[in-house]
Each structure stands twice: as C-alpha cells, then as structure tokens.
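Coordinate inspection notes
Chain residues, written in single-letter form:
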Amino acid sequence: MAIRAALPLVAVIAICGCARPTVTANQPVTVPVAVRTEPYATARACSGAFVEHRLPFATGLRVRDISGYLGNGAGVAAGDLDHDGRLDLVFASIDGPAMVLHNNGDLDFTPHELDAQFTRDVKMVDIDGDGWLDVVFTDRPGAVIAYHNHAGTLERMTLPGVDGLAYSTAWGDLNGDGRLDLVTASYDTELRKRGVATDVLAARAGVFLYTNTSAGFVAQRLSDHADGLSIALLDLNNDGATDIWVGNDFLGRDAVWLNSSTGWQPTEPFKRMSESTMSIDWADIDNSGTQALFTTDMNPAKRDPHTLAAWLPMMTKTDQTRAGDPQISANMLQVWSSGAWVDAAPQRGIDATGWSWAGRFADLDRDGFQDLYVVNGMIAKDLFGHLPDSELVEENTVLRNTGHGTFIAAPEWKLGSTLSGRGMLPVDLDNDGDPDLVVNNMRGPATLFENQLCGGAGLTVSLRWRGSANTQAIGARASLRTSVGLLTRDVRASGGYLSGDAPLMLFGMPEKATLQTLTILWPDGAQSVIDAPPANVNLEVTR
Amino acid sequence: MTAIPMPQAMAGRLPVLSLLSPGPHLRATLLNLVAGLVIAGIAVAVTGWPWWVFNAIVLATLLPVGIGKWREEKHRLGVVIMLLSILLTAQGVHSIEHLVQWVQYHIVGLTPRQSNGLVSAANAEWVHFVWNWSVLIMVIVLMRGGMRNPLAWLLLAVAGLHAVEHTYTTIQHVQVLNELRAMGVTDVTAQGLPGIIGRDGWLARSPWTQGTIFCTLPGLTTEVRLDVHFWWNMLETGLLLAAGNVFLAARAPRAPNHGHEPNG
C-alpha cells in the first residue's frame, strides 16, 4: 500500500505536568505529557442533516440466496494506517476479499483489496508496539487472519499461539504489561451448521484470552462454548481492571469474567440481559461520570400489523424464552442504580429499534450529550422467505439524547437508511471535528454518512505512549471538565458489532462551552492533567 | 326479575360455595366425567386428534349435568342466581385454563407459545373475545338483577377493561392474519400477540408513552401476556366470587336468634 509521510503538526502548544511522577496514598501518579495541536479542517457544509455517500465497497452481492448465518454480515474498522493524519477504513466481507479504503481527504477514498477472503470481524490495532496499526480479521471458518503494518504496507503475519475458532474479537491490555492481549469468541451454532466436527469444537470453540508475550500469544480458555457476536473489554466493577463481557446470540446468556487478583472470575452482573446480544457499547449518557451499558437485540421498532406480520414467522420459529430466564429479546441499557445494574432501556425509549446490529453512542450534534445510532435489518431466506428478496427491510434508527435521560427520534438528521446495516462506526473522516458514520451493509454498498449538522464544537484527543507496546494507549480514559459539565471518553480498539474503533477520543460540546481541564487516566493508572485545552483541534498527547 | 328468598341451606358466611357445590348432582358429575374421559381417550387415540380436543370432549360431557343443575336452580332460586351460578362455574373453568397455562410456563418450563392450557390451542383470540364480552354482559345482567354492591361495581370495571383488551387483541389478530395471508404465509397463526397492556403491548410501546413511567409499570407493562392475563382472570374470578357472596348473603334468611332481646 502506498505510504504517505505524516503531515507535520501545526503547533507545539505546551509541555504539561512538568513535575516528576508523584505518588500519594489516594492519588494516582501524575505523568508529564507533550501536547501538540492541529486545527480542524473547515466543515465542507452545514445543511442540518447527514449526507449519504456510497463507498466503493459492498458485501453480500456475490451470494444468490443468503440464508443461515451469512446474513450476519461483517464489520468495519477505522484508523490511520499510513500516518497521513487521515483515518482510513478497512471493511470485512463475507463473500469476497476484504478491502482497505485509503482516505485521500475530502471524503475521497482509494480502494485496495486484501487477500483475506470471507471475513467477519475486523480490528486495527498495534499488535507489536511499533507505532503502526496492524489489521486483524476473523473469517467465516473461524480463523484469525492478521496483517502486519510495515510503515504503511500490510503484509500477512501469523499470531503464534492463536488457534481457537473465532467470530468476534477484542483487544486490550488485560494484564497491565503494556502489550495488547486478544480475546476471541466463537459462533458455535454456525460452525455446527457448517459441519465442523464435534471434536474440533470441543478443542477449539469458546472464549479464549490470548495473553500477548514476547514469545507469542499464550492461550487461556475461559469457556468451551460461545455464540459470541460481540466482545466488550471494560471495567464493569470499577476496580480499575479491565473485565471481559461476551455478548452471546440465542439462549446462551452473556458471559462476564471479572479481572481479579486471583484470576478471571465468571460472574452474572445483570438481572436482565438481551437474549441475542448483537453488539455492546458503553458511554456516559448523562455526563454524570458513570457509564451506561447498551446492548442491541431483535425487537420490532413498530407494532403495526404489517411489521408484526413480517416478524411473526421468524418469531414463531425462534422464540424459546422461558419463565425465569433473565434474557429478553430487547435492547438493554444497564445503568448502575442502588448497587446493581438495572435495565433502563424502556423508560429511556431505546428498548426496541428493530433487528438491530451495531448500536453506538456518539455526540452527533455536539450538544454535549451522546446520541445513539443503531443499524437494522436482516436478510435470510430461511427466516424471511415470505418477504421480497428474503429481506426484512428496516430503517436505521437515530435517537437524540435530550440531556434529560431520554432519547427521541431525530428523523431530520436523515440517517434512516433502509440498507441492511451490520458493522458500523462513528468516526470523523473529514477531520472537521464531528462524528461521521460508516456502515458496512449487507447486499449493498457501504455507506458513509457525512455529518453536516450545524453548530457545536469539538475536541479530538489521540494518545501516544512512548516506551509502551500499547502505543495508542488503548484502554485510557479521559475526562473533560467544561462549563457545561463533565464529559468522559475512552480509547478503544473494538467497537459495536464486529468492528474496530479508531484509537482516539472525540468530544462534542456546545459552541459557547469553555474547556477547563482535560484529565487523562492512562491504562497503567497514571494520570495527566491538561489545563484549558483549546476547542476545535486535534490534540495529540504524548507521554 | 323476581327476588326469591334463599333457602336456609345457603345461609352462612360463604353462601357462594353452597351455590357452586354439585350437591345432589355429584354422582352424575362424576359419572359424566368418567364417561367423558373414556370417550375422549378413545376418540383421540383412534383419530389422533390433538390434546385440546380431548379436553373439549370432557368438558362437553359435563355440560348436561351443569344444565340440569342450573335448571333446578332457576326453579328453586330464580333466574338471577342461576345466571350467577352459570357465570361462576364458567369463569372457574376459564380460570383453570389460565392456571394450567401458568403452570405450563412457570413450572413445566414451556415457552409462552407452547403454554396452550387445556383448550387454548383452539383459536384463543376469538374465544377470548366472545368470552370476555359474554362475561361483561352477564355482570351487567346480574347487577340489573340486584347484585349491586361495591365489589360488583369493581368487577364491572375490571370485566369492562378486559373486554376492551380482548377487542384490541382480536382486531390486531385479524389485521396481522390478513397481512400474513397477503405475504403468502398460511402456516403461522397470529395469536398471543401483546395487547394494550403487558410487555411490548400498546401501553409499553406507544409513541405517546415512550420514555415515560408507563413503559415500566411493574407487571402491567413488564410481564408477558400469559402472566398478565392469568392475574387479570384471577382478579376477575375473585371479584365475582366476592361480589356474588355479598349478594347471596344479603338475600339469605337470617339465622334464628336464640338470645334475649336487649331491653329498651
């Protein structure tokens, strides 16, 4: 792949936290950082809505009859592969080669096919700590396929020790050694249907944690079975350690392991959970400093006779919920209340968005509150053979966060595409400081929704951690104290359904908000504080 | 309608139980039950009819005994009390149906769709529609016949709402069925869909209630239809028993007073 030199950053603003690291009984170590800023690009237009662009990639077009689990589609990942300051895209494809879309700027992309075929999950992550984002897929047979990024050129690589069957993946530093570890989950139901032998499943299916060491990956099998559509790595019990949450399809409950000093402890933290957890996301939706956890599932968004009739044959075949089962076929919003996670999706108006895949929070209108975008639809001859082209056509759902704890539909943003979305990311592809949306659709072109909403301000924070193999500080968290409240974000390599986030944090806030302090909590527990960061810039923070 | 004095036998704290007792019809009831079980067993074994037909045959064989009892009650106690007796018996059987569904779901571990009770695999939506409007009409007739007490008014409200609920589910049933047929789907029934209340019902999912407390009213908008209607029927049956009991007790002859009349 062509390489471009990194664009020079515009200015070096400050060196912060000049004192040596200090430790007190209750305070984290403070570490100094260098801060560089680059102003945002000028927004291309302000139309008050999103503008749909079709990208030069499509999946699902080569298969005549989509049935079984082909309809589950594939993901998309974002990251700057060539250090040119622009975020590139990589799409997985269930019926052809995966594709890199190199970002030339001005929302122009150059496609480059990869030799990875029939892929599902995709992540961009710096596996070897050389500062370049590598690319990792899973494919339909369940293998993990990796590409090493040699200064912008992708070359096949092996991940020694990684041999479990995988559908979904997530990356994070789970043991605090600075290297990014890998968690994979298999999708046993599909594997069985494909005829994978029982002894192979017995040996290689389930949930694996691969600890990244200098000698390769060391596997630990956390479960011998899974139907893992999504994996989230986050601190569920607020003890500072990253836990593992695997969202399972069908009647298998979601599986959670807490990262404790005595090892990985399985637990069931939720009284209610989605039955078929399609994707997991989390965000501070009310700027309270606490995270709410969102899972998507299948639940008709409308209850009119036509919609119910479209769903009913499938529901009759698949509904196996029994009394006492904590799983419900509905989106869940787990909020921490009175010492427990409680589902607040119904009263927040987000429990039913259709046959939902990726559901992601992002402050789309930059009012300081994170909105919600969910992509929907299903294509499967065995489930929806009674519908034209065997497709359950549903609009994607965008819900504006009112700031009062509820979400309301925002059709004026024109995000109600009826293409059958699967993997999806909020990502700023034109560097103007607002999140655009990229969707990997089934049986249709991938779409980019350019954010042309007007107003608001932004701050994009990317972290560089010199001397650590976790060069992008995956797992770091940041709190931005502003005149309109406390905004929090974290750095992730995984996001939503089968997809990979760009390793940066995008804050949105009202135009008149003043930024007071940006506090970064690094993955090793150290913190850095930046006073009065400027708005409307890309802020590169180097430790 | 003429008010006929209650016989002494029905005096006491729970005259409604005396009314429901088979009394002299016990022997016939048991004989018909045995006959019904045998006939239904043979019929189902020979023809391979489904389980609900078996139960329907048994119920049908009990009907003549009921008719005999109710005719005798009409002659002895009047039309109103006969109607009360019919309603109590029928509502009791209906409650047993819901109880069986509840047991199938909660105890046996079947899915809501599999929890068909004794006869609900037959067209439940139309049966419930007709049944609940019949109950409402019967309650109105009973109230016009004198069963007017606070519990009866409450029963009227609960039965009225129940009839409205089943009107909604029946309309939805017909509309969805028409949509299914238009899609060429003929092997899927549109029964058991949520109504106004219950999880995913109108109240929980209406645009007017989205994001409000109405979406999460414990039980009313959080439980599956099977549970909601089980408790709804239990409430209705309980109110009918209580209202009927108050009605019957008020009409029963007072027990003779063997004490001394107070002076003055």
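Rules used in this analysis
Residues numbered from 1 in each chain as written. Chains lettered and ligands numbered in written order. Predicted model: local features only at pLDDT ≥ 70, side-chain atom pairs only at ≥ 80, totals over all residues. Heavy atoms only, no water. Phe/Tyr/Trp six-rings, centres within 6.5 Å; stacked < 30°, edge-to-face > 60°. Helix = DSSP H or I, 4+ residues; strand = E, 2+ residues; numbered from the N terminus. Buried < 20%, exposed > 50% of the residue type's maximum accessible area, 1.4 Å probe, protein only. Lys NZ or Arg CZ within 6 Å of the ring centre and 35° of its normal. Contact = heavy atoms within 4.5 Å. Buried area = accessible area lost by both parts, 1.4 Å probe. Salt bridge = Lys/Arg side-chain N within 4 Å of Asp/Glu carboxyl O. Nonpolar A, V, L, I, M, F, W, Y, C, P; charged D, E, K, R; others polar. Pairing = 2+ DSSP bridges. Axes fitted to C-alpha atoms, helices over the stretch in contact; angles between N-to-C directions. Parallel < 35°, antiparallel > 145°, perpendicular 65-115°, else oblique. Left-handed = near helix turned anticlockwise from the far one by under 90°. Disulfide = S-S within 2.5 Å. Patch = residues over 30% accessible without salt bridge, like charges linked within 9 Å, V, L, I, M, F, W, Y side chains within 5 Å. Areas by Shrake-Rupley, 256 points an atom, 1.4 Å probe, with all protein chains shown as cover.

All names here are of chain A. Enumeration over the complete set of coordinates arrives at 23 aromatic pairs over all chains. Judged by centre distance (4.7 Å) and plane angle (35°), the ring pair of tyrosine 167 and tyrosine 187 falls under tilted. In this pair, tyrosine 167 sits in the loop between strand S11 (153–157) and strand S12 (168–172) while tyrosine 187 sits in the loop between strand S13 (181–185) and helix H1 (188–193), placing the two residues 20 residues apart along the sequence. On the numbers, 5.7 Å between centres and 15° between planes, the contact of phenylalanine 208 with tyrosine 210 is stacked. Look at tyrosine 210 and you get buried, because its relative accessible area is 0%. Taken together through their ring pairs, the aromatic side chains of Tyr69, Tyr167, Tyr187 and Phe250 make up a single cluster. It is arginine 140 that lies over the ring of phenylalanine 118; its NZ or CZ is 5.8 Å from the centre.

Here we come to the interface of chain B and chain A. In this assembly, 28 residues from chain B lie in contact with 29 residues from chain A. Each partner contributes to the roughly 2,300 Å² buried at the junction of chain B and chain A, and carbon and sulfur atoms together form 59% of this total. Of all residues in chain B, Arg113, Met183 and Arg205 of chain B bury the most surface against chain A, accounting for 28% of the area lost on that side. Linking chain B with chain A are zero salt bridges, by the criterion used here. Put simply, the parts of the chain that give the side of chain B that touches chain A at least two residues each are helix H4 (79–108) and helix H6 (150–182) of chain B. By residue number, the principal contributor to the side of chain B that touches chain A is H6 of chain B, which donates five residues. Partitioning the side of chain B that touches chain A into residue classes produces twelve nonpolar, eleven polar and five charged.

Here we come to the pattern of salt bridges. Evaluation of the coordinates by the stated rule reveals 24 salt bridges over all chains. Aspartate 200 of chain B serves as the salt-bridge partner of arginine 205 of chain B, at 3.2 Å between the closest nitrogen and oxygen. For the pair shown, arginine 205 of chain B and aspartate 200 of chain B are each scored as buried. Within this structure, Asp281, Arg360, Asp490, Arg492 and Asp501 of chain A form a network of salt bridges that share partners.

Residue and element names in this part refer to chain A. Pairing within the open sheet is antiparallel, and its four strands lie in the order S4-S5-S6-S7. Taken across any chain shown, the strands that pair with only one partner, and hence form the sheet edges, are strand S4 (76–79) and strand S7 (108–117). Pairwise comparison of adjacent strand axes, ignoring direction, gives a mean angle of 20° for this sheet. Bridge count for strand S6 (residues 97–105) against S7 is seven bridges, and the pairing is antiparallel. Looking at the pairing, leucine 101 lines up with proline 111 of S7.

Looking now at the sheet that holds strand S10 (residues 144–150) of chain A. All names here are of chain A. As summarised here, the arrangement of the four strands in space is S8-S9-S10-S11, forming an open sheet in which the pairing is antiparallel. Every other strand in the sheet has two partners, leaving strand S8 (119–125) and S11 as the edge strands with one partner each. This sheet shows a mean twist of 25° between the axes of neighbouring strands, independent of strand direction. Relative to S11, S10 runs antiparallel, the two being bridged by five bridges. Residue pairing for S11: tyrosine 147 is matched across the bridge by arginine 156.

Before going further, it helps to examine the packing of H4 of chain B against helix H8 (residues 225–251) of chain B. All names here are of chain B. Between H4 and H8, the least distance of the axes is 9 Å, while the angle of their chain directions is 155°. Relative to H8, H4 is oriented roughly antiparallel. As for the relative orientation of H4 and H8, their crossing is left-handed in sense. In the contact of H4 with H8, the residues fall into 16 nonpolar, ten polar and three charged.

All names here are of chain A. Scanning the model with the defined rule gives one disulfide over all chains in all. Paired through a disulfide, cysteine 46 and cysteine 454 show a sulfur-sulfur distance of 1.8 Å. Here cysteine 46 and cysteine 454 share a disulfide; its torsion about the S-S bond, 120°, makes the bridge right-handed. Within this pair, whereas cysteine 46 is found in the loop between strand S2 (33–39) and strand S3 (49–59), its partner cysteine 454 is found in the loop between strand S35 (444–452) and strand S36 (457–464), the two being separated by 408 residues in sequence.

Turning next to a nonpolar patch on the surface. A contiguous nonpolar surface patch, about 320 Å² in accessible area, is contributed by Leu14, Leu17, Leu20 and Leu241 of chain B. Inspection of the secondary structure assignment puts leucine 17 of chain B in helix H1 (residues 15–20).

Residues and elements named next belong to chain B. Axis separation between H4 and helix H5 (residues 124–144) bottoms out at 10 Å; the angle between their running directions is 150°. Classed by the angle they form, the pair H4 and H5 counts as roughly antiparallel. With respect to the hand of their crossing, H4 and H5 are arranged in left-handed fashion. On H5, the residues that touch Val80, Leu83, Leu84, Ile86, Leu87, Ala90, Gln91, His94 and His98 of H4 are His128, Trp131, Val135, Met138, Val139, Val141 and Leu142. Residues of the contact of H4 with H5, tallied by class, amount to twelve nonpolar, four polar and no charged.

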